[in-house]
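Chain by chain, the residues:
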Amino acid sequence: MPGRDELLVRVQAAGLNAADRFLLRGEPFAIRALAGGLRRPRPGFIVGRALAGRVEAVGDDVRDFTPGDEVLAESTSAIGEYAVVPAGLAARKPVGVTFAEAAALPIAGSTALAGVRRVSSGQRFLVTGASGGIGTFAVQLAVAKGATVTGVCSERNAALVRKLGAEHIIDYEKTEARDLGSAGERFDVILDLAGNYPVAALRRVLDPDGTLLLSVGTGGRWLGPARRMVKALITGRSQVRPLTVRPNPQDLSELASMVATGRIRPVIDDIYRLDEAPAALDRLDRGWVAGKIIVAVAE
């Protein structure tokens, strides 16, 4: 049963994210704290941190939700039939938004929303990893704000990123770091989600008054992408910022409303059944995912 300020949610769909891949591998080592142990996960640990479902029961102190409400939330143990969710981290799922679409929003959509907060109409926005789970949201959100978007992705995903609204595409497999911005292009905001270019190369194409937001990238076994970000902050200028995101139900409500009204759409690469969850996680671990992978927990 849920605690006093918690919800018991019957999970309908779970969205997979990079954090799930890191937790499965146990690398970087720093992430093992989320699984409850340095050598092995704690007993009962279940992967998955983004879900959508129906409220089955509410804690004694919960006033905003009742059994039967359809919600989306960031919480632990998403890939299972039931999950206990802090009521303060849940948002209502609008009518017309499917459970699969709703499950794609926590973490990925929230991170993208945080990444475009500094973007305004008429600005030039560059996003690396534009075809990934976060990137596909970031492209659409920046376009919705009136920005001119350049997406960095592979050639095979270029058509998808253009369809989402990007006006320009950079193929990272063909464009060397020294050629990035060789045409004199400068950007007001750069959101680095992939780490496939050195920070110095990204700085070179940043407007003098612009902002470089670092989210993920390559790193060592202990700190992972955090090592790259810390180094950039120590050696870089004040324009470089780490992208930090906290679970926020208001952000989830905003994103869900945008989906319901057609302003953005979750890009879903594939949907797996619950009994196919190991295959879904393996697919995530192998990479080359365009958009999101969803596990449909209930029919």
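Read on for a plain summary of the structure.

Parameters and conventions
Residues numbered from 1 in each chain as written. Predicted model: local features only at pLDDT ≥ 70, side-chain atom pairs only at ≥ 80, totals over all residues. Heavy atoms only, no water. Helix = DSSP H or I, 4+ residues; strand = E, 2+ residues; numbered from the N terminus. Buried < 20%, exposed > 50% of the residue type's maximum accessible area, 1.4 Å probe, protein only. Contact = heavy atoms within 4.5 Å. Areas by Shrake-Rupley, 256 points an atom, 1.4 Å probe, with all protein chains shown as cover. Axes fitted to C-alpha atoms, helices over the stretch in contact; angles between N-to-C directions. Parallel < 35°, antiparallel > 145°, perpendicular 65-115°, else oblique. Pairing = 2+ DSSP bridges. Right-handed = clockwise from strand over helix to strand, strands pointing away.

**Let's talk about the overall build of the protein chain**
And then number 1: When its secondary structure is counted, the protein chain shows 10 helices and 13 strands.
And then number 2: Across the 299 residues of the protein chain, 52% fall into the buried class.
And then number 3: Sequence separation of at least 24 residues holds for 65% of the intrachain contacts in the protein chain that already meet a minimum separation of 6.
And then number 4: Accessible surface computed for the protein chain: about 14000 Å², of which carbon and sulfur atoms make up 50%.

**Comments concerning the environment of Leu191**
And then number 1: Relative to the elements of secondary structure, Leu191 occurs in strand E9 (residues 187-192).
And then number 2: Here the alpha-carbon distance between Leu191 and Ala130, two residues 61 residues apart in the chain, equals 9.5 Å.
And then number 3: If we skip the residues at most four places from it in the chain, Leu191 touches Gly115, Phe125, Leu126, Val127, Thr128, Ala138, Leu213 and Leu243.

**Considerations on the packing of helix H4 (residues 105-115) against helix H9 (residues 249-260)**
And then number 1: Put simply, H4 and H9 touch, their axes get as near as 10 Å, and they point 95° apart. The orientation of H4 relative to H9 falls into the category roughly perpendicular. In contact with Leu105, Pro106, Gly109, Ser110 and Leu113 of H4, H9 contributes Asp251, Leu252, Glu254, Leu255, Ala256 and Val259.

**Considerations on the sheet that holds strand E8 (residues 168-171)**
And then number 1: Spatial strand order, E8-E7-E6-E9-E10-E11: 6 strands in an open sheet with parallel pairing. Whereas interior strands pair on both sides, the edge strands pair on one side only; in this sheet they are E8 and strand E11 (240-242). Strand-to-strand twist in this sheet, taken as the mean axis angle between neighbours without regard to direction, amounts to 20°.
And then number 2: As judged from the 3 bridges shared by strand E10 (residues 206-214) and E11, these two strands associate in the parallel manner. Bridging from a neighbouring strand, Leu212 pairs with Val240 of E11.
And then number 3: Docked against the sheet, helix H5 (residues 133-144) engages strand E6 (124-128), strand E7 (148-153) and E9, running at close to 175° with respect to E6.

**Focus on the pairing of strand E13 (residues 292-296)**
And then number 1: Most of E13 is tucked away, with 4 of its 5 residues classed as buried.
And then number 2: The pairing of strand E1 (residues 6-15) with E13 spans 3 bridges and is antiparallel. Along E13, the bridge assignment pairs Ala14 with Val295.
And then number 3: As paired elements, strand E12 (residues 268-273) and E13 share 5 bridges and run parallel to each other. Paired with Tyr272 across the two strands is Val295, which belongs to E13.
And then number 4: Crossover connection from E12 via helix H10 (residues 277-286) to parallel E13: handedness right-handed.

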